[in-house]
Amino acid sequence: MMEYSKYSVIKGQRHTIQIPSEKLESFSYDTLKLLLEIKSTNICHETIPVSEGLHTISNLVNDFSKFLDKEEFTDDTLIARNGTEFKAHKSILCARSEVFAAMFRNDTLEAKTNRVTIDDMDAETIQEMLKFMYSAKEVSKNLTTKLLPAADKYALLDLRTMCEKRLMETISVNSVVDSLSISRTILPR
């Protein structure tokens, strides 16, 4: 019979592991018993209650939002079609978007100058896109039709899904032409 204990390190706790003789051909004993005693350890496993975990996530979201608001430690600038500039952090842009990651990973003008000109978006759309990238919070419903092409362009899948759901919820006879127009900008021809 073989007994194994799962990885568990608790100060002062003892574990016995039995290994069958066929696994230990060089030994003449039926079973080899190993006793492992840990005198002291710094390893700690603690479960965080769900309510505290949600609080921690909320704090994390707020902290990242502050990065965007304060513009501290920024290393990149996004420029809207009207010339409005937005300071950003490459690490966050790259973590949230494979498109930005590829842009900065390769030998591009944007990587060299730390400036990304976005000629097909207005300042309001870029600002809302950045807010989403830093916080994953709900975006303005008024900008859904502008954010969907932005989400598609920069491979922001969560933002795209959010925008698509909103469009599906609000589609009507009056809005179907706008929805068709948007679909032409994001669907391959």
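Residues numbered from 1 in each chain as written. Predicted model: local features only at pLDDT ≥ 70, side-chain atom pairs only at ≥ 80, totals over all residues. Heavy atoms only, no water.

Caption draft 1: Structural view of the packing of aromatic side chains. Overall, the coordinates contain 2 aromatic pairs when judged by the stated rule. With a centroid separation of 6.2 Å and 15° between ring planes, the pair formed by F100 and F104 is classed as stacked. Here F104 and F100 lie together in helix α3 (residues 98–105), a separation of 4 residues that amounts to about one turn. We classify F104 as buried; its relative accessible area is 13%. (Phe/Tyr/Trp six-rings, centres within 6.5 Å; stacked < 30°, edge-to-face > 60°. Helix = DSSP H or I, 4+ residues; strand = E, 2+ residues; numbered from the N terminus. Buried < 20%, exposed > 50% of the residue type's maximum accessible area, 1.4 Å probe, protein only.)

Caption draft 2: Representation of the confidence of the model for the protein in the model. For the protein, the mean per-residue pLDDT works out to 76, and 61% of the residues sit at or above 70. Taken element by element, the predicted model of the protein shows its lowest mean pLDDT in strand β2 (residues 31–37) (50) and its highest in strand β5 (residues 115–117) (97). This stretch, residues 1–11, has a pLDDT under 50; its non-local contacts, to residues over four places away or in other chains, come to 21 contacts. Contacts from residues 38–43, a stretch scored under 50 in pLDDT, to residues over four places away or in other chains number 10 contacts. (pLDDT = per-residue confidence, 0-100. Contact = heavy atoms within 4.5 Å.)

Caption draft 3: Region of interest: the packing of helix α6 (residues 144–153) against helix α7 (residues 157–170). At a minimum axis separation of 8 Å, α6 and α7 run at an interaxial angle of 145°. Read as a crossing pair, α6 and α7 show a hand that is left-handed. Seen from α6, the contacting residues are T144, T145, L147, L148, A151 and D152; seen from α7, they are L159, R160, C163, E164, R166 and L167. When its residues are assigned to classes, the contact of α6 with α7 shows 6 nonpolar, 2 polar and 4 charged. (Axes fitted to C-alpha atoms, helices over the stretch in contact; angles between N-to-C directions. Left-handed = near helix turned anticlockwise from the far one by under 90°. Nonpolar A, V, L, I, M, F, W, Y, C, P; charged D, E, K, R; others polar.)

Caption draft 4: Geometry of the side chain of S135. Within the secondary structure, S135 is located in helix α5 (residues 123–135). There is a polar contact of 2.7 Å between the side chain of S135 and the backbone oxygen of K131. Residues contacting S135, with those up to four places away along its chain left out, are V61 and S65. (Polar contact = N/O pair within 3.5 Å; in protein donor to acceptor, adjacent residues only side chain to side chain.)

Caption draft 5: Representation of α3 within the structure. Looking at α3, one finds that the buried residues are F100, A101, M103 and F104. For α3, the buried positions fall inside an angular range of 165° around the axis, keeping them on one side. Exposed and oriented more than 90 degrees from the buried face of α3 are E98 and R105. Considering only its buried residues, α3 is in contact with β3 (76–79), α2 (90–96), α4 (109–113), β5 and α5. (Arc of directions from axis to C-beta.)

Caption draft 6: Up close: the sheet that holds β5. Strand order in the open sheet made by the 3 strands is β4-β3-β5, with mixed pairing throughout. Edge positions in the sheet fall to β4 (85–88) and β5, since each has one partner strand and no second. Strand-to-strand, the axes of this sheet are offset by a mean angle of 20°, without reference to chain direction. Examined bridge by bridge, β3 and β5 share 3 bridges and lie parallel to one another. If you follow T77 over to β5, its bridge partner there is R115. The sheet strands contacting α5 are β3 and β4, and the helix crosses β4 at an angle near 15°. (Pairing = 2+ DSSP bridges.)

Caption draft 7: Region of interest: the environment of A80. Summarising the element assignment, A80 is placed in the loop between β3 and β4. For the pair A80 and V116, spaced 36 residues apart in sequence, the C-alpha to C-alpha distance is 8.8 Å. If near-sequence neighbours (up to four positions away) are discounted, A80 is found in contact with F86, I118, M121, D122, A123 and I126.

Caption draft 8: Main features of the packing of α5 against α6. Close contact between α5 and α6 brings their axes to 10 Å; oriented N to C, the two are set at 65°. In the packing of α5 onto α6, the handedness of the crossing is right-handed. Contacts from E124, T125, E128 and M129 in α5 reach K146, L147 and A150 in α6. Within the contact of α5 with α6, the residues separate by chemical class into 3 nonpolar, 1 polar and 3 charged.

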